[in-house]
Structure formats: structure tokens, C-alpha cells
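# Report on the structure
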Amino acid sequence: EGIKEFFNSYVYRPLPLLVIIGILRKQKECIMVFSCMIVSLLANEIWALAEFTKAIVNGTLYAGNMRFSGNLHPVHYGGVLSGLVPALLALGVNMSSGKYRNLVFFSYVISCVALILSGTRAAWIAVGIMSILIVVLYIKNKMKLLSVLGVAICLAGSVFVFVPQLSNRLSTITDMNYQSN
């Protein structure tokens, strides 16, 4: 039992990452792998948005579970997005203006919406904390920093206020009866 747990935790799980690190040698290859990952996640995000739209059109949005995550499990999807969203924000803030910056910010917005629709509360907290840290570290103009934080807080707050399922889900973060992990 102990050997099985050891191999499961320390050999089998990190093995794909170690294979990728062993194979990729050039920065261009890493960028291509990262781009493919973003494209596949964006396809899944569009699928999740389509599920959400279908629930609105069919009138079943308020009848059941409000966790839209495309073809992935919501918790796994939220975990992946909690790493992707801050990475896209950092990438977008660091890029000079251009067509790729607009694409990165478009991906960032779609990923934020998909993160909210996934209903993964821990990922919401992680992205909130990491986004604040990234904005504080990368934006030198303090007035721009305050305006970006203010707009982000207002947008996120309005979404959580006007969607009852999200506000109910948010209010159960500290309630131990609703913990699934």
C-alpha cells in the first residue's frame, strides 16, 4: 500500500511534466506547446459558454446545478483555469501593444468568464489573489493600478450580486457543510 501510494504521488503524476521538460529544448517549442494548450482550453471554454447559453435559452438555468465546464470536471477545470488566468494576465501586461496582446486579453476575458461559470470557489480565491499580486507587481503607474483594481472588483462584484447561484455559492465558501474536497 505504501509503495503504491508513493509511485502514484511521486512517479506517475509528475511523469508527463518530466517527459515534456525532457523533450522541449527550445523556447519556440515551449511557446508552441503553451499555445496548443491555450487553444484547447479556449475550445472547452466556448463549449462551457454554449452550455450556459443553452441553459438560458431552455429556461433551465435556475432549475439545477450552475456549473458549466464543457467536457471537463468542474473542479479539474477550475484548477487548470486558476493557473491559466493569472498566466494570461501576466503575459498580457508584459506584452507590448500589438495583435497578440489583444488576443491574449481576449483569451483572458473568456477564461475569466469560464472560471466563474465553472463554480469552483477555491479557484476564484486563487485567481483573485494571484491577479492582485500580478497587477501590483507589473503595473508601475499607481493610478492605473487603482483604476484596474476598481474596475475588476466592480465587475466581479456585480456578477456575483446579480446571479443568485453565484452569490449563494460564494456565501458557502466558509461553511464546512458545503465543502466537497
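About the criteria used
Residues numbered from 1 in each chain as written. Predicted model: local features only at pLDDT ≥ 70, side-chain atom pairs only at ≥ 80, totals over all residues. Heavy atoms only, no water. Helix = DSSP H or I, 4+ residues; strand = E, 2+ residues; numbered from the N terminus. Areas by Shrake-Rupley, 256 points an atom, 1.4 Å probe, with all protein chains shown as cover. Lys, Arg positive; Asp, Glu negative; His and termini not counted. Charge placed at Lys NZ, Arg CZ, Asp CG, Glu CD. Axes fitted to C-alpha atoms, helices over the stretch in contact; angles between N-to-C directions. Parallel < 35°, antiparallel > 145°, perpendicular 65-115°, else oblique. Left-handed = near helix turned anticlockwise from the far one by under 90°. Contact = heavy atoms within 4.5 Å. Nonpolar A, V, L, I, M, F, W, Y, C, P; charged D, E, K, R; others polar. Phe/Tyr/Trp six-rings, centres within 6.5 Å; stacked < 30°, edge-to-face > 60°. Buried < 20%, exposed > 50% of the residue type's maximum accessible area, 1.4 Å probe, protein only. Core = buried A, V, L, I, M, F, W, Y, C linked by side-chain atoms within 4.5 Å. Expected span 1.5 Å × (residues − 1).

### Here's the deal with the overall build of the protein
For the protein, the count of helices and strands is 8 helices and 0 strands. Listing the helices and strands of the protein from first to last along the sequence gives α-α-α-α-α-α-α-α. In terms of principal-axis extent, the alpha carbons of the protein reach across some 50 × 50 × 30 Å. For the protein, the exposed area adds up to about 12100 Å²; of that, 70% sits on carbon and sulfur atoms. Both charge centroids of the protein, one from 14 positive and one from 6 negative side chains, sit 14 Å from each other.

### Section: the packing of helix H4 (residues 74-94) against helix H6 (residues 121-138)
Their axes nearest at 9 Å, the elements H4 and H6 cross at an angle of 15 degrees. In terms of orientation, H4 lies roughly parallel with respect to H6. Seen from above, H4 lies across H6 with right-handed handedness. Contacts between H4 and H6 involve Gly78, Leu81, Ser82, Val85, Pro86, Leu89, Ala90, Val93 and Asn94 from the former and Ala123, Ala126, Val127, Met130, Ser131, Ile134, Val135 and Tyr138 from the latter. Its residues assigned to classes, the contact of H4 with H6 shows 13 nonpolar, 4 polar and no charged.

### Description of the packing of aromatic side chains
Taken as a whole and judged by the stated rule, the model has 1 aromatic pair. Geometrically, the ring pair formed by Phe52 and Phe68 is edge-to-face, given 5.5 Å between the ring centres and 70 degrees between the ring planes. Of the two residues, Phe52 sits in helix H3 (residues 27-58) while Phe68 sits in the loop between H3 and H4, which places them 16 residues apart along the sequence. The class of Phe52 is partly exposed, set by a relative accessible area of 21%.

### Comments concerning the nonpolar core
Formed by 28 residues in total, the largest nonpolar core has its most connected members in Leu81, Leu84, Leu88, Leu115 and Leu166. Elements supplying a minimum of two residues to this core: H3, H4, helix H5 (99-118) and H6. Among all residues touching Leu115, those that are not within four sequence positions of it are Gly78, Leu81, Ala123, Trp124 and Val127.

### Quick word on the packing of H4 against H5
Packing of H4 against H5 leaves a shortest axis separation of 9 Å and a crossing angle of 150 degrees. Looking at the two axes, H4 sits roughly antiparallel to H5. Here the hand of the crossing between H4 and H5 comes out left-handed. Across the interface between the two elements, Pro74, Tyr77, Gly78, Leu81, Leu84, Val85, Leu88, Leu89, Leu91, Gly92 and Val93 of H4 pack against Arg101, Val104, Phe105, Ser107, Tyr108, Ser111, Cys112, Ala114, Leu115 and Ser118 of H5. Counted by class, the contact of H4 with H5 contains 15 nonpolar, 5 polar and 1 charged residues.

### Structural notes on the side chain of Thr120
Tracing the backbone shows Thr120 in the loop between H5 and H6. According to the relative accessible area criterion, Thr120 is buried, its value standing at 7%. Those residues in contact with Thr120, other than ones at most four positions away along the chain, are Arg67, Pro74, Val75 and Gly78.

### A few points about H3
With 32 residues, H3 extends 46 Å between its outermost C-alpha atoms, agreeing within 8% with the 46 Å of an ideal straight helix rising 1.5 Å per residue. Of all the residues in H3, the buried ones are Ile38, Leu41, Leu42, Asn44, Glu45, Ala48 and Ala55. As for H3, its buried residues are in contact with H4 and H5. Where H3 terminates, the next one or two residues include Gly59, which has phi positive at roughly 75 degrees.

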